[in-house]
Amino acid sequence: MNIGILASGSGSNFEQIVLSKIKNANIKILICNNKNAFVIERAKKYNIDYSIIEHNRYNSRKDFENEIVKKLQEYNVELVILAGFMRVLTSNFLNKFPKKVINIHPTLLPSFPGINSVEQVLEHGVKITGVTVHFVDNGVDTGPIIAQRSIIIDENDNLESLSQKIHKVEHELYPEVINLAVNNKLKIIGRKVNILK
Ligand code: GRF
């Protein structure tokens, strides 16, 4: 299955996905909306094609999304993986890849959706947080949940230490879920996702 990864930042998840060598998955292209993002260096390192599509160069969200769609179609992408992609995608985009856009979020959804969510987790003083991988729908981090892992917050955890714990879990969980998606093991039934044996 041909995969396109969309990312805006450091790209540690991107790199782990590449390194995991998921069976039947071809990582065809990275699309990045931020020309200074470190993820671009990672794509170069592993010889993965990349395209920089900067949202602020487009008059509308629709034009920006259409440019991404064009690029993904050029590479015959069948599954879209969001790995720290900091733009909301509308139904204009999602309709082009129905049930084929997956995101990872650094909290246990539906708690703490949106941006700066790890900061909010710490501010709120919750004792357990985690990571969620979900299908993307029209809302912000509201789509059907595929998998979650929990993380215990210690009293002395800060943004840095908790972010490290989160990334460690993400780097294991995301390739596992992508493997399931690529090998057609995920079935969406309403809001629920069943994992087929
Ligand atoms: C991850 O924590 C992910 O949950 C969130 O963005 C972050 C991306 O990290 N959506 P990286 O760029 O993969 O290191």
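Everything in this summary refers to the structure shown in the same document.

Each value, and the rule that gives it
Residues numbered from 1 in each chain as written. Predicted model: local features only at pLDDT ≥ 70, side-chain atom pairs only at ≥ 80, totals over all residues. Heavy atoms only, no water. 1 Å grid on protein atoms, 1.4 Å probe; cavity = no way out; pocket = protein on both sides within 12 Å on 5 of 7 lines; lining within 4 Å. Points joined across faces, edges and corners; volume = space filled by probe spheres on them. Helix = DSSP H or I, 4+ residues; strand = E, 2+ residues; numbered from the N terminus. Nonpolar A, V, L, I, M, F, W, Y, C, P; charged D, E, K, R; others polar. Near = heavy atom within 4 Å. Polar contact = N/O pair within 3.5 Å; in protein donor to acceptor, adjacent residues only side chain to side chain. Areas by Shrake-Rupley, 256 points an atom, 1.4 Å probe, with all protein chains shown as cover. Sits in = over half its atoms within 2 Å of the grid points. Buried < 20%, exposed > 50% of the residue type's maximum accessible area, 1.4 Å probe, protein only. Contact = heavy atoms within 4.5 Å. Salt bridge = Lys/Arg side-chain N within 4 Å of Asp/Glu carboxyl O.

**Side note on the layout of surface pockets**
Taken as a whole, the largest pocket encloses approximately 940 Å³ of empty space. In terms of lining, the largest pocket is formed by 37 residues, of which the most central are Gly84, Phe85, Met86, Ile104 and Pro106. If you list the elements that add at least two residues to the lining of the largest pocket, you get α1 (12–19), β5 (101–105), α5 (117–124) and α6 (159–182). In terms of residue count, α6 provides more of the lining of the largest pocket than any other element does, five residues in total. Taken together, the residues of the lining of the largest pocket sort by class into 14 nonpolar, 18 polar and five charged. Taken as a whole, the second largest pocket holds about 160 Å³ of empty space. Together, 13 residues line the second largest pocket, and Leu94, Pro98, Lys99, Val136 and Asp137 are the ones closest to its centre.

**Structural notes on the site of the ligand**
In the neighbourhood of the ligand, the contacting residues comprise Ser10, Gly11, Ser12, Asn13, Gly84, Ile104, His105, Pro106, His167 and Glu170. At a separation of 2.7 Å, an oxygen atom of the ligand approaches a polar backbone atom of Gly11. Note that a nitrogen atom of the ligand is positioned 3.0 Å from one of the backbone N or O atoms of Ile104. Its free accessible area being 370 Å², the ligand has 84% of it covered by the protein chains. Of the pockets mapped on this structure, the ligand occupies the largest pocket. Of all the secondary structure elements, the ones that give two or more residues to the shell around the ligand are α1, β5 and α6. A per-class count over the shell around the ligand returns two nonpolar, seven polar and one charged.

**Looking at the environment of Lys165**
Within the secondary structure, Lys165 sits in helix α6. Looking at Lys165, the relative accessible area reads 25%, which means it is partly exposed. The spatial distance from the C-alpha of Lys165 to the C-alpha of Ile151 is 7.5 Å, given a sequence separation of 14 residues. Once you skip the residues sitting within four places of it in the chain, Lys165 turns out to touch Ile151, Ile152, Ile153, Asp154 and Asp157. Among the polar contacts listed, one links the side chain of Lys165 to the side chain of Asp157, at a separation of 2.6 Å.

**Re the pattern of salt bridges**
Under the definition given, this model contains nine salt bridges. Residue Arg42 is joined to Glu15 by a salt bridge in which the shortest nitrogen-to-oxygen separation is 2.6 Å. Of this pair, Arg42 sits in helix α2 (residues 39–45) while Glu15 sits in helix α1, and the two are 27 residues apart along the sequence. Each member of the pair Arg42 and Glu15 is classed as buried. In this structure, a network of salt bridges that share partners links the residues Glu15, Arg42 and Lys45.

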